[in-house]
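The residues making up each chain are set out below.
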Amino acid sequence: MNNWQRTFVLHRKLYSESSLLVEIFSEEMGRLTLLAKGARRKNSAWKSVLQPFTPLLIRCSGKGALKVLTCAEAISIALPLPNEALYSGFYINELLIRLLEKETPYPALFQDYLACLTTLSQYPEKLEESLRIFEFQLLDYLGYGIDFCHCVGTGKPIDANMTYQYRAEKGFIASIAKDNMSFWGYELQAFSVRDFSDARVRLAAKRFMRTVLKNYLGNKPLKSRELFTQTYLAHNKLKLY
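A brief report on the enclosed structure follows. (Residues numbered from 1 in each chain as written. Predicted model: local features only at pLDDT ≥ 70, side-chain atom pairs only at ≥ 80, totals over all residues. Heavy atoms only, no water.)

### Re the overall build of the chain
Let me state the cut-off plainly: The helix and strand labels rest on DSSP assignments: H or I over at least four residues marks a helix, E over at least two residues marks a strand, and numbering proceeds from the N terminus. Residue contacts are counted whenever heavy atoms from the two residues lie within 4.5 Å of one another. Positive charges come from Lys and Arg alone, negative charges from Asp and Glu alone, with His and the N- and C-terminal ends not counted. Here the site of a charge means atom NZ of a Lys, CZ of an Arg, CG of an Asp or CD of a Glu.
Scanning the chain from N- to C-terminus turns up 6 helices and 8 strands. Element order for the chain, N to C, with α for helix and β for strand: β-β-β-β-β-α-α-α-β-β-β-α-α-α. By its C-alpha atoms, the chain is 65 × 40 × 30 Å across when sized along the principal axes. Pairs at least 24 residues apart make up 56% of the contacts formed inside the chain by residues separated by at least 6 positions. In the chain, the 32 positive side-chain charges and the 23 negative ones have mean positions that sit 7 Å from each other.

Structure, rendered in structure tokens:
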């Protein structure tokens, strides 16, 4: 693996007295755990480079599950993620860590990840829209894509003025029931084209995604959500994901 790889750091943790274990998302290699030897030393050039949200070029070596970082250079400065955008960045990083299999390339998802971070840093007013788009795209890449265009009961196209209930691993069926998994047809039509410009659609998408992602994440809570709640939500009364 001597070729340079475009990469972002998803997470890092201490390893021995001077090194780091770095979870990365690479354009060509997917998710990997790398050993960054000596990265914690005062004179290490990697100390300030191996940070989340900094576009990197890296090289690594090794054939086992734990590969060794050999080179790392920042392509540019870290993408600025102020306030709630920072917590949103941690959230999508955690989704990738929890949901992606190691060493499985997702080059298109890498581009969507970069696009999401760019939107978070440059267009804070589109923060919720960018999160919803990334979540829906992620499900598609993982093979969990859902048909938002047809009723599974009849096969007919979704009617904007009817309500539908989501059935896990099946899809949407016409229903008059009103519960947490019931949606208007116009909301499903918006989901299908990733149009979250309508505030009502954004709320419906967040409600839908929370339930669906829980099926794949299990009962272990998201640390990024807990951090957001503890340090920001209490003061601002906001819910992003």
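Picking up where we left off.
### Focus: the sheet that holds strand E7 (residues 171-174)
The condition that has to hold: A strand pair is defined by DSSP finding two or more bridges across the two strands. Fitting a line to C-alpha atoms yields each axis, with helices limited to the stretch in contact; the angle taken between N-to-C directions then spans 0 to 180 degrees.
The 3 strands lie next to each other as E7-E6-E8, forming an open sheet whose pairing is antiparallel. Of all the strands in the sheet, the pair left with one neighbour each is E7 and strand E8 (182-184). Going across the sheet, the axis of each strand differs from the next one's by a mean of 40°, ignoring polarity. Sheet strands in contact with helix H4 (residues 185-192) are strand E6 (163-167), E7 and E8, and its direction is about 85° off that of E8. The sheet contacts of helix H5 (residues 199-217) involve E6, E7 and E8, and relative to E8 the element is tilted by about 150°.

### Thoughts on H4
Residues spaced three or four apart along an α-helix face the same direction, because each turn holds 3.6 residues. Threshold: Only protein chains enter the accessibility calculation, which uses a 1.4 Å probe. A residue is then buried if its area is under 20% of the maximum for its type, exposed if over 50%, and partly exposed in between.
If you check which residues of H4 are buried, you get Gly185, Glu187, Leu188, Ala190 and Phe191. Just past H4, the residue arginine 194 takes up positive phi, approximately 55°.

### Quick word on the nonpolar core
Convention followed: We define the nonpolar core as a collection of buried residues of types Ala, Val, Leu, Ile, Met, Phe, Trp, Tyr and Cys that are connected through side-chain atoms lying within 4.5 Å of one another.
Counting 49 residues, the largest nonpolar core has Tyr113, Phe191 and Phe208 as the members making the most contacts within it. For this core, the secondary structure elements donating two or more residues are strand E1 (5-15), helix H1 (84-99), helix H2 (107-122), helix H3 (127-141), E6, H4 and H5. Broken down by element, the residue count for this core peaks at 8 residues, all from H5. Here phenylalanine 208 is in contact with Phe136, Ile146, Phe148, Tyr166, Phe172, Met181, Phe183 and Phe191, once residues within four sequence places are set aside. Counting 17 residues, the second largest nonpolar core, distinct from the first, contains Ile24, Leu50, Leu56 and Leu69.

### A few points about the packing of aromatic side chains
As a reminder, the rule being used: Each aromatic pair joins two rings of Phe, Tyr and Trp (for Trp, the six-membered one) with centres within 6.5 Å, and gets the label stacked for planes under 30 degrees apart, edge-to-face for over 60, and tilted for any other angle. We count a charge as sitting over a ring when the NZ of a lysine or the CZ of an arginine lies within 6 Å of the ring centre and within 35 degrees of the ring normal.
Under the definition given, this model contains 22 aromatic pairs. When the ring of phenylalanine 8 is compared with that of tyrosine 113, the centres are 5.3 Å apart and the planes differ by 75°; the resulting orientation is edge-to-face. Of this pair, phenylalanine 8 sits in strand E1 while tyrosine 113 sits in helix H2, placing them 105 residues apart in sequence. Of the two residues examined, phenylalanine 8 and tyrosine 113, each falls in the buried class. The cationic tip of lysine 126 hangs over the ring face of tyrosine 123; the distance from NZ or CZ to the ring centre is 5.6 Å. Over the face of the ring belonging to tryptophan 184 we find lysine 178, whose NZ or CZ atom lies 4.6 Å from the ring centre.

### Some thoughts on the environment of alanine 199
Mapped onto the secondary structure, alanine 199 falls in helix H5. Distance in space between the C-alpha atoms of alanine 199 and isoleucine 173 is 24 Å, their sequence separation being 26 residues.

### What about unusual backbone geometry?
Located in the positive-phi region is phenylalanine 53, a residue other than glycine, with phi close to 75°. Residue position: phenylalanine 53 is located in the loop between strand E3 (30-36) and strand E4 (56-61). According to the relative accessible area criterion, phenylalanine 53 is buried, its value standing at 4%. Positive phi outside glycine occurs at asparagine 83, with the angle close to 50°. For asparagine 83, the location among the structural elements is in the loop between strand E5 (66-74) and H1.

### Regarding the pattern of salt bridges
Operational definition: For salt bridges, the criterion is a side-chain nitrogen of Lys or Arg within 4 Å of an Asp or Glu carboxyl oxygen.
This structure, assessed with the given rule, holds 8 salt bridges. Notably, a salt bridge pairs glutamate 23 with arginine 31, separated by 2.3 Å at the nearest N-O pair. In terms of burial, glutamate 23 and arginine 31 fall into one category: buried. Between glutamate 94 and arginine 98 there is a salt bridge; the shortest N-O distance is 3.6 Å.

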